[in-house]
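As a plain string of letters, each chain reads:
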Amino acid sequence: MEHPPTSHPPGEALRHYALGTLPPDARQRLEPHLHHCASCRSRLAPLVDTATVERNWQALDQSLDIPVPGPWERALLALGIPDHAARLLTATPALRATWLLGTCLTLVFAALTARLAEPGGPPLIFLTVAPLLPAAGIAGTLGGRLDPGFELGRISAPSAFRLVLLRTAVVLATTAVMTAAASLALPELGPAAFAWLLPSCLLTITSLLLLPRMGSLPAAITTTVAWLSAMTLTRHSGALFSLPGQSVLAVLLLLALTLLILLRADFDFEKGIRL
């Protein structure tokens with residue numbers, strides 16, 4: 001163990017130490033002595049620029065208080081999204097690795113099943129599963145008990161409606177990208193391979209309409225049951241994915257969007273919205 005030097009350092013060494021211009025090897029020899037010598041510390045105190053020390057402490061406090069953005073948040077900031085909105089979006093469970101991996105595996109399994117079990121017909125299995133993923137994401141993203149970042153979003157978002165829209169946008173964007181990629185594995189890449197888009201949007205908006213009245217999880221379950229029932233009734237005809245069926249879904253989607261905008265006042269924390 002190296003003992004601090006017994007001789008006191010000259011005033012010039014203390015002055016260079018206070019200015020930060022003392023060579024590293026000399027500083028390493030001096031600091032143990034300062035730690036044990038109150039006399040030299042009292043000689044050093046008048047040489048230190050207190051304003052510089054205060055600025056350094058403030059910079060240190062600021063760097064400790066400011067959270068370090070992760071990769072998702074940095075990407076959103078690069079796109080020009082405000083920092084508070086970027087932080088709120090990156091707290092969304094749909095951006096977590098477990099959710100992304102689960103969604104990806106579900107889509108891959110559905111695509112492979114459609115490829116093996118339905119090589120010559122429409123990929124009904126894939127088209128049944130894919131529209132349900134955003135509704136499941138809504139349940140996990142907006143459910144207070146399922147989302148550790150829910151209270152952060154509730155405090156940060158100016159209104160419950162904006163919080164819902166931000167989280168929903170993340171869910172739709174992530175699932176749409178992954179579903180589009182999984183569609184490339186289907187036996188045929190015709191219009192039927194992407195017929196999941198309108199049902200996905202419709203089920204998502206329907207879940208949002210039901211959300212203030214029954215909560216996120218019951219809303220997702222209700223829309224899931226309704227979709228599975230519709231798929232069961234039309235499984236032989238494939239009417240939902242024909243041109244007339246898609247046209248009807250588009251009209252229903254426009255009506256649901258209009259109704260959501262008209263009922264946006266229902267998304268109010270003070271009214272006891274059951275997220």
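Residues numbered from 1 in each chain as written. Predicted model: local features only at pLDDT ≥ 70, side-chain atom pairs only at ≥ 80, totals over all residues. Heavy atoms only, no water.

**Describing helix H13 (residues 216-233)**
So, point 1. When the terminal C-alpha atoms of H13 are compared, their 26 Å separation across 18 residues agrees well with the 26 Å that a helix rising 1.5 Å per residue should span.
So, point 2. What H13 keeps buried is the set Ser216, Ala219, Ala220, Thr223, Trp227 and Met231. Looking down the long axis of H13, one finds its buried residues gathered within 100° of arc, a one-sided arrangement. (Helix = DSSP H or I, 4+ residues; strand = E, 2+ residues; numbered from the N terminus. Expected span 1.5 Å × (residues − 1). Buried < 20%, exposed > 50% of the residue type's maximum accessible area, 1.4 Å probe, protein only. Arc of directions from axis to C-beta.)

**Structural notes on the pattern of salt bridges**
So, point 1. Within this structure, the stated rule accounts for 1 salt bridge.
So, point 2. Glu12 serves as the salt-bridge partner of Arg15, at 2.6 Å between the closest nitrogen and oxygen. Here the residue Arg15 and the residue Glu12 both occupy positions in helix H1 (residues 11-19), the gap between them amounting to 3 residues, near one helical turn.
So, point 3. Relative accessible area serves as the criterion here: at 43%, Glu12 is assigned to the partly exposed category. (Salt bridge = Lys/Arg side-chain N within 4 Å of Asp/Glu carboxyl O.)

**Things to note about the nonpolar core**
So, point 1. Ranked by internal contacts, the top residues of the largest apolar core, which has 21 residues, are Leu107, Phe126, Leu127, Leu186, Trp227, Met231 and Phe241.
So, point 2. Mapped by element, the contributors of at least two residues to this core are helix H7 (97-117), helix H8 (124-129), helix H9 (132-142), helix H11 (160-183) and H13.
So, point 3. It is H7 that provides the largest number of residues to this core, a total of 4 residues.
So, point 4. Setting aside residues up to four positions removed in sequence, Leu107 forms contacts with Phe126, Ala130, Leu133, Met178, Thr179 and Ala182. (Core = buried A, V, L, I, M, F, W, Y, C linked by side-chain atoms within 4.5 Å. Contact = heavy atoms within 4.5 Å.)

**Side note on the packing of aromatic side chains**
So, point 1. With the rule as written, the count across this model stands at 1 aromatic pair.
So, point 2. Seen from their ring centres, Trp227 and Phe241 are 6.2 Å apart, and the 80° between their planes marks the pair as edge-to-face. Remark: Phe241 occurs in the loop between H13 and helix H14 (243-262) and Trp227 occurs in helix H13; sequence separation between them is 14 residues. (Phe/Tyr/Trp six-rings, centres within 6.5 Å; stacked < 30°, edge-to-face > 60°.)

**Digging into the confidence of the model for the protein**
So, point 1. Mean pLDDT for the protein: 76, with 70% of residues reaching 70 or above.
So, point 2. Per-element averaging of pLDDT across the protein places helix H10 (residues 150-156) at the bottom with 53 and H14 at the top with 92. (pLDDT = per-residue confidence, 0-100.)

**Some remarks on the side chain of Thr179**
So, point 1. If you trace the backbone, Thr179 turns up in helix H11.
So, point 2. For Thr179, the contacting residues outside a window of four places in its chain are Leu107, Phe126, Ala130 and Trp196.

**A closer look at a nonpolar patch on the surface**
So, point 1. A surface patch of nonpolar side chains, about 360 Å² in accessible area, is lined by Val248, Val251, Leu252 and Leu255.
So, point 2. Note that Leu255 resides in helix H14.
So, point 3. Here Leu255 falls in the exposed class, since its relative accessible area comes to 54%. (Patch = residues over 30% accessible without salt bridge, like charges linked within 9 Å, V, L, I, M, F, W, Y side chains within 5 Å. Areas by Shrake-Rupley, 256 points an atom, 1.4 Å probe, with all protein chains shown as cover.)

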